[in-house]
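So you can see what is in the structure, the chains are spelled out below.
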Amino acid sequence: MRQIVESIEGEFRRYKGLAEGAISQLSESQLQSRTGESNSVAIIMWHVGGNLKSRFTDFLTSDGEKTWRDRESEFAERRVPRQELLAKWEEGWQALFSALAPLSDEQREQQVTIRGVPHSILEALHRSLSHVSYHVGQIVFIAHSLRGAEWRYLTIPPGKSADYNKDPKFDKPKR
């Protein structure tokens with residue numbers, strides 16, 4: 001049985017899609033753009049990719065904070081081409097989806113560790129989903145700010161709630 005795991009995976013896929021919908025609207029320079037002390041979309045993408053790769057590589061058998069990960073460097077100013085940035089991003093997501101594929105709901109109470117702290121698989125998945133959704137919100141906010149009036153809405157555009165309610169296509173994530 002995989003009902004719980006599939007539900008969580010569906011939410012991860014929904015957030016990935018939202019982030020990528022925002023990212024696709026940005027130019028190369030906008031990906032790198034920073035306002036004050038805020039992180040750029042590129043920095044957030046690099047961090048999410050690194051976090052997911054660390055957490056979900058050997059998910060069941062090793063600590064989620066890998067010794068090879070340098071979290072601090074994920075937040076360093078960087079100028080990398082879009083393709084390299086997307087490759088780093090995708091590497092993390094592939095680690096996640098590869099780790100989720102064999103999981104069953106019956107394993108949800110099995111223990112994994114993150115920074116030496118035990119978590120049930122369900123807790124670890126919810127923790128990661130919350131972390132990803134936080135950063136996706138940042139990506140969408142920054143992208144919307146940078147695009148201004150040229151922004152293409154990713155969910156319900158202002159003034160379109162009644163139309164959306166006739167066909168609520170975003171309410172349930174794709175499996």
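Preceding block: the structure.
Just so it is clear, the structure is predicted and the values come from calculations on it, not from any experiment. (Residues numbered from 1 in each chain as written. Predicted model: local features only at pLDDT ≥ 70, side-chain atom pairs only at ≥ 80, totals over all residues. Heavy atoms only, no water.)

**Digging into the overall build of the protein chain**
Test applied: Strands are runs of DSSP state E lasting at least 2 residues, helices are runs of H or I lasting at least 4, and numbering of each runs from the N terminus. Only the C-alpha atoms count toward the radius of gyration. The rule for a globule is 2.2 Å times the residue count to the power 0.38. In this analysis, two residues are considered to be in contact whenever any of their non-hydrogen atoms come within 4.5 Å of each other. Working definition of accessibility: Shrake-Rupley area with a 1.4 Å probe, residue cover restricted to the visible protein chains. Think of it this way: Lys and Arg go in the positive column, Asp and Glu in the negative one, and His and the chain ends go nowhere. Note that the charge is assigned to NZ on lysines, CZ on arginines, CG on aspartates and CD on glutamates.
When helices and strands are tallied, the protein chain shows seven helices and two strands. Counting from the amino terminus, the protein chain carries its helices and strands in the arrangement α-α-α-α-α-β-β-α-α. Computed over its C-alpha atoms, the radius of gyration of the protein chain comes to 17 Å, within 12% of the 16 Å expected for a compact globule of 175 residues. Once the C-alpha set of the protein chain is aligned to its principal axes, its extents read approximately 50 × 45 × 25 Å. Taking contacts inside the protein chain between residues at least 6 apart in sequence as the whole, the part at least 24 apart equals 73%. Accessible area of the protein chain: about 9500 Å², with a carbon and sulfur share of 53%. Counting 25 positive and 24 negative side-chain charges, the protein chain places the centres of these two groups 4 Å from one another.

**What about the pattern of salt bridges?**
Here is the rule we go by: Any carboxyl oxygen of Asp or Glu that lies within 4 Å of a side-chain nitrogen of Lys or Arg is treated as forming a salt bridge with it. Summary of the burial criterion: residues with accessible area below 20% of their type's maximum are buried, those above 50% are exposed, and those between are partly exposed, where the area comes from a 1.4 Å probe applied to protein chains only.
Applying the stated criterion to the full structure yields 16 salt bridges. Ionic pairing is found between Glu28 and Arg82, a salt bridge with its closest N-O pair at 3.9 Å. Pair noted here: Glu28 is in helix α2 (residues 28–32) and Arg82 is in helix α5 (residues 82–100), with a separation of 54 residues, a long-range link. The partner of Arg69 in a salt bridge is Glu74, with the nearest N and O atoms 2.7 Å apart. In this structure Arg69 comes out as buried when scored by relative accessible area, which is 9%.

**Some remarks on the packing of helix α3 (residues 41–56) against α5**
Helices that pack against each other are described as a pair by the angle of their axes relative to one another and the distance between those axes. Operational definition: Whenever a helix is involved, its axis is fitted only over the stretch in contact; in every case the axis is a line through C-alpha atoms, and angles between N-to-C directions fall within 0 to 180 degrees. Reported orientations rely on four angle classes, namely roughly parallel under 35 degrees, roughly antiparallel over 145, roughly perpendicular from 65 to 115, and oblique for the rest. In this scheme, a crossing is called left-handed if the near helix is turned counterclockwise away from the far one by less than a right angle; it is called right-handed if the turn is clockwise. Note on residue categories: nonpolar means Ala, Val, Leu, Ile, Met, Phe, Trp, Tyr, Cys or Pro, charged means Asp, Glu, Lys or Arg, and polar means any other residue, Gly included.
Two elements in contact, α3 and α5, have axes whose closest approach is 8 Å; the angle formed by their N-to-C orientations is 30 degrees. Classified by the interaxial angle, the pair formed by α3 and α5 is roughly parallel. Handedness of the crossing formed by α3 with α5: left-handed. Within the contact between the two elements, α3 uses Ala42, Met45, Trp46, Val48, Gly49, Gly50, Leu52, Lys53 and Phe56 and α5 uses Glu84, Leu85, Leu86, Lys88, Trp89, Glu91, Gly92, Trp93, Ala95, Leu96 and Ala99. By residue class, the composition of the contact of α3 with α5 is 13 nonpolar, three polar and four charged.

**Overview of the nonpolar core**
Note the following rule: Here the nonpolar core consists of buried residues drawn from Ala, Val, Leu, Ile, Met, Phe, Trp, Tyr and Cys, with membership extended through side-chain atoms lying within 4.5 Å.
Phe12, Phe59, Trp93 and Ile139 are the most contacted members of the largest nonpolar core, which totals 41 residues. Ranked by the residues each element gives to this core, the list is headed by helix α6 (residues 121–147), at nine residues. In this structure, Phe12 is in contact with Trp93, Leu96, Phe97, Leu100, Leu125, Ser128, Leu129 and Val132, ignoring residues within four places of it in sequence.

**As for the side chain of Gln107**
Rules: Within 3.5 Å is the distance limit for a polar contact, defined as a pair of N or O atoms, with the added protein rule that one can donate a hydrogen and the other accept it, and that residues adjacent in sequence qualify only through two side-chain atoms.
Structurally, the position occupied by Gln107 is in the loop between α5 and β1 (111–114). A distance of 2.9 Å separates the side chain of Gln107 from the backbone nitrogen of Ser104, its partner in a polar contact. When sequence neighbours within four positions are dropped, the list of residues in contact with Gln107 reads Leu60, Pro102 and Ile121.

Function cannot be read off these values alone, since they describe shape.
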